[in-house]
Amino acid sequence: MVLELYRWRPDLVRSLLMVDTYAGWKGSLPPEEVAARVEGARRMLAVPREEFDPTLPGLYAAGPPERFAVLLEAMSRDVRPETMATQLSLMAEADETDLLPRIKVPTLLLWGERDARSPLDVAYAFQEAIPHAELVTIPAVGHMSNLEAPEAFTATVRAFCRAHA
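What you see is a predicted model; the values in this text were computed from it and never measured. Each residue is numbered by its place in its chain's sequence as written, counting from 1. Totals for whole chains, interfaces and linings use all residues, but because this is a predicted model, local features are given only for residues with pLDDT of at least 70 and pairs of side-chain atoms are given and counted only at 80 or more. Side-chain calculation: all heavy atoms of the structure are included, whereas hydrogens and water are not.

### A look at the sheet that holds strand β1 (residues 16-19)
Stated formally: The rule for pairing is simple: two strands pair if DSSP sees at least two bridges between them. Secondary structure counts use DSSP, requiring at least four H or I residues in a row for a helix and at least two E residues in a row for a strand, with both numbered from the N terminus. Note on method: axes are straight lines fitted to C-alpha atoms, helices fitted across the in-contact stretch only, with angles between N-to-C directions ranging 0 to 180 degrees.
Ordered by their spatial adjacency, 3 strands build an open sheet running β1-β2-β3, and the pairing between neighbours is parallel. Looking at which strands have only one partner, the edges of the open sheet turn out to be β1 and β3 (134-138). Taking the axes of each pair of neighbouring strands and ignoring which way they run, one obtains an average angle of 20° across the sheet. Strand direction decides the pairing type here: β1 and strand β2 (residues 107-112), joined by 4 bridges, are parallel. Note on β2: the bridge partner recorded for L17 is L108.

### Topic: the pattern of salt bridges
Put simply, the rule is: We define a salt bridge as a contact between a side-chain nitrogen of Lys or Arg and a carboxyl oxygen of Asp or Glu at a distance within 4 Å. Using a 1.4 Å probe on the protein chains alone, a residue whose accessible area is under 20% of its type maximum counts as buried, one over 50% counts as exposed, and one in between counts as partly exposed.
For the coordinates displayed, the defined rule picks out 10 salt bridges. E73 is the salt-bridge partner of R77, the closest N and O atoms lying 3.2 Å from each other. Note that R77 and E73 are positioned in helix α4 (residues 69-77) at a spacing of 4 residues, about one turn of the helix. Across the pair, E73 and R77 agree in class, each one exposed. Salt bridges here are not isolated pairs; linked through shared partners, they connect E4, R7, D98 and R102.

### Remarks on the nonpolar core
Quick note on the threshold: Only buried residues count toward a nonpolar core. Its members are Ala, Val, Leu, Ile, Met, Phe, Trp, Tyr and Cys residues joined through side-chain atoms within 4.5 Å. Contacts are residue-level and defined by heavy atoms, with any inter-residue pair within 4.5 Å sufficient.
Within the largest apolar cluster, 35 residues are counted, with the highest numbers of intra-cluster contacts made by M18, I103, L109, W111, F126 and I130. Mapped by element, the contributors of at least two residues to this core are α1 (2-8), β1, α3 (31-46), α5 (81-93), β2 and α6 (120-129). Sort the elements by how many residues they give to this core and α6 lands first, with 4 residues. Among all residues touching L109, those that are not within four sequence positions of it are M18, A123, F126, Q127, I130, A133, E134, L135 and V136. Membership of the second largest hydrophobic core comes to 8 residues, among which are L108, I138, V141 and F160.

Spatial relationships are all this shows, so hold off on functional conclusions.
Below is the structure:
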């Protein structure tokens, strides 16, 4: 996670781009939402391996973009339940809100307007906590804003990178 890189090696970071993210579930979401996600992950990981589907609910505002269906399916087949279990456990327990006010580099917060996984409330909390953070929302897209609106996503990232080269 980019926040851990910044925590341990801020000297390596000249700017930050945070997209539809969290300061960990524990750090960004209400306790009841964290509990619901942990239970959902437990159920998802308890199925037989041949039935395992790593697609988390709420990733897309209107379903996965058709033009990426083959790629997303191939990526899903390569996800190992054991690895995903570790990742989800770390996300559930993480709380990195203490770090946000200490960020001193230009920071772009890029969020899908309809992100159900990391709602705009999380983006607003990041914007309030990180000095001089810039928040850009992409209309009508969810958590996978880079796939749902690649042109707007790329244009925003390029503008930020050019401004902070």
